[in-house]
Amino acid sequence: MEDRRFVRPRKKLVETLKKKGIKDERVLMAIGKIQRHKLIDTALHPKAYVDTALPIGMGQTISQPYTVAAQTELLEVHPGDKILEIGTGSGYQCMVLCELGADVYSVERHPDLYHRAKDALREHGYKAMLKVGDGTLGWTTYAPYDGIVVTAGAPVVPDDLVKQLNVGGRLVIPVGDENKQVMLRITRVSENEYQQEELDNFKFVPLIGEKGWGA
Ligand code: SAM
């Protein structure tokens, strides 16, 4: 049952994202539907629909809605696309991808967050395949993917991820140092050719793993 207190703030959030430049109506509809407050501590509920990242425990965050919307827009998700997310966190980005009709796979390194996200997705009726692991290595079992989105900041582009893209597939990944990362979109244009676009600057928690920052 929807809590009426959050309906207006969520609508306002969608308006904010439009003003900040998010154009994809399907992405905006997904943000307008997902109950973000259910993914955070009740003490943070007043900030649930403020366009900001919020703590979810283990020193991690639920991403800022603008960041989620911008990364999803860059992924250009079509219904039925197979999408891999690295960094499940709260499950919010997963839910957005599910709303767009994607077949979603997601890897999280913290078991606690994995369990919480798994429960939240089930409770909200979303189907996604989740696992605990090092997402810098991708998820070979289900590769190749039409899109891969990395929701933590990487020092370099992990080669395993580009190799797990379909031809025509897109990898959206923030790359840089601990303080600032540039969003890259890498498209696999043929078996051996990739095209790279550099987009805006963002600030993410670090991507920790074999092909990321050291633990
Ligand atoms: N997508 C998340 C959401 O919607 O709530 C945001 C997650 S937070 C910004 C980044 C997540 O990446 C954290 O949960 C962190 O534990 C996870 N992470 C960092 N390095 C990872 C790795 N190598 N493999 C999998 N998850 C990783």
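Here we take up the sheet that holds strand β9 (residues 194-202). Within the open sheet, the seven strands sit side by side as β5-β4-β3-β6-β7-β8-β9. Their pairing is mixed. Both edges of this open sheet fall to β5 (128-132) and β9, since each of them pairs with a single strand only. This sheet shows a mean twist of 15° between the axes of neighbouring strands, independent of strand direction. Here four bridges tie strand β3 (residues 82-86) to strand β6 (residues 145-150), and the two strands are oriented parallel to one another. Across the sheet, the residue bridging to Ile-83 is Gly-147, located in β6. Of the strands in this sheet, β4 (103-108) and β5 touch helix α5 (residues 111-123), which is tilted by about 165° from β5.

All right, on to the site of the ligand then. Of all residues adjacent to the ligand, which total 27 residues, the nearest are Glu-85, Ser-90, Glu-108, Gly-135 and Ile-208. The backbone of Arg-109 places a nitrogen or oxygen atom 3.2 Å from a nitrogen atom of the ligand. Within the side chain of Asp-134, an N or O atom sits 3.0 Å from a nitrogen atom of the ligand. Here the ligand loses 99% of its free accessible area of 600 Å² to cover by the protein chains. For the shell around the ligand, the elements supplying multiple residues, two or more each, are β2 (60-62), β3, α4 (92-99) and β4. Here the element with the most residues in the shell around the ligand is β2; it accounts for three residues.

Moving on: the pattern of salt bridges. Inspection of every chain in the model, using the stated rule, returns twelve salt bridges. Here Arg-122 makes a salt bridge to Asp-119, at a shortest N to O gap of 3.6 Å. Remark: Asp-119 and Arg-122 occur in helix α5; sequence separation between them is three residues, near one turn of the helix. A salt bridge links Arg-185 to Glu-197; the shortest N-O distance between them is 2.9 Å.

Attention shifts here to the packing of aromatic side chains. Centre-to-centre distance and the angle between the planes together describe a pair of aromatic rings. Following the criterion strictly, the structure yields seven aromatic pairs and no others. Residues Tyr-66 and Phe-202 carry aromatic rings whose centres are separated by 6.4 Å and whose planes lie at 15° to one another, so their mutual orientation is stacked. Of this pair, Tyr-66 sits in helix α3 (residues 65-75) while Phe-202 sits in strand β9, and the two are 136 residues apart along the sequence. Assigned by exposure class, Tyr-66 and Phe-202 land together as buried. Members of the aromatic cluster, joined through ring pairs, are Tyr-105, Trp-139, Tyr-142 and Tyr-145. Directly above the ring of Tyr-92 sits Arg-36, whose terminal nitrogen or CZ lies 5.5 Å from the centroid. Cation over ring: Lys-82 sits above Tyr-145, and NZ or CZ is 5.8 Å from the ring centre.

About the criteria used
- Residues numbered from 1 in each chain as written.
- Predicted model: local features only at pLDDT ≥ 70, side-chain atom pairs only at ≥ 80, totals over all residues.
- Heavy atoms only, no water.
- Pairing = 2+ DSSP bridges.
- Helix = DSSP H or I, 4+ residues; strand = E, 2+ residues; numbered from the N terminus.
- Axes fitted to C-alpha atoms, helices over the stretch in contact; angles between N-to-C directions.
- Contact = heavy atoms within 4.5 Å.
- Near = heavy atom within 4 Å.
- Polar contact = N/O pair within 3.5 Å; in protein donor to acceptor, adjacent residues only side chain to side chain.
- Areas by Shrake-Rupley, 256 points an atom, 1.4 Å probe, with all protein chains shown as cover.
- Salt bridge = Lys/Arg side-chain N within 4 Å of Asp/Glu carboxyl O.
- Phe/Tyr/Trp six-rings, centres within 6.5 Å; stacked < 30°, edge-to-face > 60°.
- Buried < 20%, exposed > 50% of the residue type's maximum accessible area, 1.4 Å probe, protein only.
- Lys NZ or Arg CZ within 6 Å of the ring centre and 35° of its normal.

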